[in-house]
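In case you want the letters, here they are:
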Amino acid sequence: MGGFELLARDGLARIGRFPTPHGVIETPALLPVVHPDPARQPVAPTELRRRFGLKAVITSSYIIWRTPPLAAIAEERGVHGLLGFDGPVMTDSGAFQQHAYGHVEVTDSQILAFQGRIGTDIATVLDVFVEPDAPRDVAEAGVRETSRRATQARAGRAGLLAVPVQGGLDPDLRRQSAAAASSTGDVLAVGGVVPLMERYRFADLARVLIAARPALAPEGVVHLFGTGHPMTFAFAALFGVDLFDSSAYLKFARRGTLMFPEGSVSIDGIQENICRCALCEHVPLTEVRDLPPPERETRIAEHNLLVCSEEVGRIRQAIRDGTMWELAERRSTGHPALAAGMRAAIRGVRVFLPTEPESRRAFRTTVVTSGLRPAVIRFLARLDVFKSGRGPYKPIPFVPLTTAALRSIPAATIDGVPLFWEILRPVGLVPLELSDVYPVGCYLAPEEFDPPPRTGDLASALEGLPVDREQDWSEAWTRRQVEALLAWRYGPDLASALLAVGVVGFRSHRTGRLRRIERDGTILFHLGSEGIVRPTFEGGRALRAHLPAPANRIVVAPDAVPFVREGRSLFSRFVSGGDRTLVPGASALLVDESDVLLAVGRLVLAPGEMGRMPRGVAVEVTAHERGERAPEVEDEAPSPAATL
Ligand code: GUN
Ligand code: ZN
């Protein structure tokens, strides 16, 4: 297996490092398709790297193999010598030619051995290209034959191997094929999808990626064959695609088509200089339009490459910022077919949940389905559990955005049972105690800019209820919110147990927001702007005492125990178990195999990925016996509208 290392993520999209013999590929990455005959490749691979920042390429070993002069050079000087390029080179196997011409004149073992002889960094198994609408028996035979060849290829190759995932539109076959590829391949290359992309069948593409997803090994690098249009990169990355490859920059250029992340534009109709990229700034599009064909083609291909490269950078930034859903949604407005693809993603929300982060800095809606992102679906599902056994709840007839407004809310009871208040937010009615919790607390939707809803006044809402005017509501309210936030994260039993030992909450003087939870002057939990309780080391002790194992724990293998105790990050290789319900970004107790608390940390990997990822950090330590990392500085935003 390869050595993929995950560095940052947003949902299924990941920034990672994938080492190859000719250097590291930083993912997500676009591997432009280059023609193996340098005379037929308008932009040389070294130029792709130098001018466009595209550091790895893919070429066809099959074209080299069946072109004797190219094969002779490649056999003698290697594929890097043939291409004049010393960076990572992936070679494809000829399956696409099978799709285009109906057959290939090479066997799988011949082309695999050839890829080995020419020194490719990543060899691809000769798969059987299964057309999207192939009959089930044909698709099944294609999957079976592809995995047979992959098993054989793996046995014969020590270097990196890409194994295609086929199966057409059949979800079971896609899953089977993904599982088979995961046991043999370093790169899991989803194939047979070019006809879907050519016909803008993005909803079908989404269904293919959703079906394959649970069976794709997390340590595998996911490649999507033929993702050519920058409009589709964010969409593919959202589903966890690490590598795109495409010859579209060239094919589109031949037809005079300019690519943009928002869609395509034909150069023939260009009357205005709509692009100011480094190239179009130099030679305006209105001039490019009238250039002689070969020069025009090269210019457009270069513009296309620049746009593609920029979009990959934007995706990487969005992953770091936690805004992948926003970016993919914005791109989906480029074409209704892509919007249909996003809807299919929403219907497949289940595959996103295991790696859906605990929180993000922001939540901004962009399209009508934004309110159905995994973050919201998970919040609403947890809310159902949270509310059962609590209550009664009664809506507050206004949104108490200010501390003063909050103070005006009295404590009331119904039939002697304390009343809980809920407020109307864009996601629905939310218990007041949870109104700072992600994604509610930072949820920014157009509704936020409407006049605040007023369904009545407080006095009439209180009519007939026993209101305790004597009780200091603000104190009762703080206690109630402390209880609720502990229950939200750790369940009602833990919340009662900690209240019973006398924990108290403290609010920010400026914003009125709950900031920390203490016991006897010792801080047990911090609360950030995401509204989630984050334990200190002392808080970790309290959790360990009250929560039975394995809840909220990640178990550290003996070799790493001394390091974690000192506050060093826990690496994936040294995880020996843990609570499978934890998600990336969640705080967890790091314990040894006897459940001794070593540290408190925040998950980088999902529990299902730990131990499987060969490299990298699984959990970052935030607190240990002798040291606390200061909580992140939070912007104290009293209302989402103020975070603009
Ligand atoms: N290029 C585009 N689609 C495919 C595919 O399904 N398999 C292979 N090997 N290459 C491709
Ligand atoms: Zn341009």
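See the structure printed just above.
The following refers to the structure shown. Quantities reported herein were computed from a predicted structural model and do not represent experimental measurements. (Residues numbered from 1 in each chain as written. Chains lettered and ligands numbered in written order. Predicted model: local features only at pLDDT ≥ 70, side-chain atom pairs only at ≥ 80, totals over all residues. Heavy atoms only, no water.)

1. Here's the deal with the overall build of the chain
Under the convention used in this document: In this text, helices come from DSSP runs of H or I with a minimum length of four residues, and strands from runs of E with a minimum of two, each type numbered from the N-terminal end. Between the two quantities, the radius of gyration covers C-alpha atoms and the globule rule is 2.2 Å times the number of residues to the power 0.38. Between buried and exposed lies partly exposed: a residue is buried under 20% and exposed over 50% of the maximum accessible area for its type, with that area taken using a 1.4 Å probe on protein chains only. Contact definition: two residues touch when any of their heavy atoms are within 4.5 Å. The accessible surface values rely on the Shrake-Rupley method and a 1.4 Å probe; as for residues, cover is taken only from the protein chains in view. When charges are counted, Lys and Arg are positive and Asp and Glu negative, with His and the chain ends excluded. One atom stands in for each charge, and that atom is NZ of Lys, CZ of Arg, CG of Asp or CD of Glu.
For the chain, the count of helices and strands is 23 helices and 32 strands. Computed over its C-alpha atoms, the radius of gyration of the chain comes to 28 Å, within 12% of the 26 Å expected for a compact globule of 644 residues. With the C-alpha coordinates aligned to their principal axes, the bounding extent of the chain is approximately 95 × 60 × 45 Å. Sorting the 644 residues of the chain into buried and exposed places 58% on the buried side. Across the chain, every contact between residues at least 6 apart in sequence was considered, and the portion connecting residues at least 24 apart equals 67%. Summing over all exposed atoms, the chain offers an accessible surface of approximately 26,400 Å²; the carbon and sulfur share of this is 53%. Within the chain, the 76 negative side-chain charges are centred at a point lying 1 Å from the centre of the 73 positive side-chain charges.

2. Some words on unusual backbone geometry
Backbone torsion omega between Thr27 and Pro28 reads -5°, so that peptide bond is classified as cis. Take Pro28: it is sitting in the loop between strand E3 (23–27) and strand E4 (29–32). Cis peptide bonds are those with omega within 30 degrees of zero, and the linkage from Ala549 to Pro550 qualifies with 5°. Note on placement: Pro550 falls in the loop between helix H22 (537–546) and strand E26 (553–556). Located in the positive-phi region is Asn552, a residue other than glycine, with phi close to 60°. Residue classification places Asn552 among the buried positions, given a relative accessible area of 8%.

3. Some words on H22
Heads up, the rule is: Definition of a polar contact: a pair of N or O atoms within 3.5 Å, with one able to donate and the other able to accept a hydrogen when the atoms are protein atoms, and with sequence-neighbouring residues admitted only if both atoms are side-chain atoms.
Those residues of H22 not exposed but buried are Phe537, Gly539, Gly540, Ala542 and Leu543. Among the residues of H22, the N-terminal cap falls to Thr536, whose side-chain oxygen and the backbone nitrogen of Glu538 are separated by 3.4 Å.

4. With respect to the sheet that holds strand E18 (residues 420–425)
Quick reminder of the rule: Strands are labelled as partners when DSSP assigns at least two bridges between them. Interaxial angles span 0 to 180 degrees and are taken between N-to-C directions of axes, which are lines fitted to C-alpha atoms, for helices over the stretch in contact.
Reading across from one edge, E15-E18-E19 is the order of the three strands in this open sheet, with mixed pairing throughout. On the outer flanks of this sheet lie strand E15 (393–395) and strand E19 (428–431), each paired with one strand and no other. Direction aside, the axes of adjacent strands within the sheet are offset by 40° on average. Here E18 pairs with E19 via four bridges, running antiparallel.

5. Looking at the sheet that holds strand E17 (residues 417–418)
Pairing is antiparallel across the open sheet formed by three strands, whose spatial order is E17-E16-E21. Since the sheet does not close on itself, it has two edges, and those belong to E17 and strand E21 (467–468), each with one partner. For strand E16 (residues 411–414) and E21, the ladder comprises two bridges, and the chain directions are antiparallel. When the sheet's bridge partners are listed, Ala411 is paired in E21 with Asp468.

6. Side note on the environment of Val385
Looking at the element boundaries, Val385 is found in helix H17 (residues 374–387). Using a relative accessible area of 63% as the deciding quantity, one classes Val385 as exposed. Here the alpha-carbon distance between Val385 and Trp488, two residues 103 residues apart in the chain, equals 9.2 Å.

7. Overview of the packing of aromatic side chains
What counts here: Stacked, tilted and edge-to-face are the three classes applied to pairs of Phe, Tyr and Trp rings, where Trp contributes its six-membered ring and a pair requires centres within 6.5 Å; stacked means planes under 30 degrees apart, edge-to-face means over 60, and tilted covers the rest. A ring is scored as having a charge over it whenever the NZ atom of a lysine or the CZ atom of an arginine sits within 6 Å of its centre and within 35 degrees of its normal.
Counting across every chain of the model gives twelve aromatic pairs. Here the aromatic rings of Phe363 and Tyr443 are separated by 4.5 Å at their centres, their planes lie at 15°, and the arrangement is stacked. A residue pair is termed long-range when its members are at least 10 positions apart, and Phe363 in strand E14 (residues 363–364) and Tyr443 in strand E20 (residues 443–444) qualify at 80 residues. Seen from their ring centres, Tyr393 and Phe420 are 5.3 Å apart, and the 40° between their planes marks the pair as tilted. With Tyr393 in strand E15 and Phe420 in strand E18, this pair connects stretches of sequence that are 27 residues apart. A relative accessible area of 16% means that Tyr393 is categorised as buried. On the basis of relative accessible area, Phe420 is assigned to the buried category, the value being 11%. Aromatic rings pair up to connect Tyr200, Phe202, Phe235, Phe239, Trp325 and Phe352 into one cluster. The aromatic ring of Phe252 is capped on one face by Arg255, whose charged end is 4.5 Å from the ring centroid.

8. Structural notes on the pattern of salt bridges
Using the following cut-off: Criterion for a salt bridge: a side-chain nitrogen of Lys or Arg within 4 Å of a carboxyl oxygen of Asp or Glu.
If you walk through the whole model with that rule in mind, you get 44 salt bridges. Between Glu302 and Arg51 there is a salt bridge, and its shortest N-O distance comes to 3.1 Å. Here Glu302, found in helix H14 (residues 293–321), pairs with Arg51, found in helix H1 (residues 45–52); they are 251 residues apart in sequence, far enough to count as distant. Judged by relative accessible area, Arg51 falls into the partly exposed class, the value being 32%. The partner of Arg149 in a salt bridge is Asp108, and the shortest N-O contact between them spans 4.0 Å. Pair noted here: Arg149 is in helix H6 (residues 136–156) and Asp108 is in helix H5 (residues 108–117), with a separation of 41 residues, a long-range link. Comparing Arg149 with Asp108 shows no difference in burial state: the two are buried. The network of salt bridges with common partners includes Glu47, Arg50, Arg51 and Glu302.

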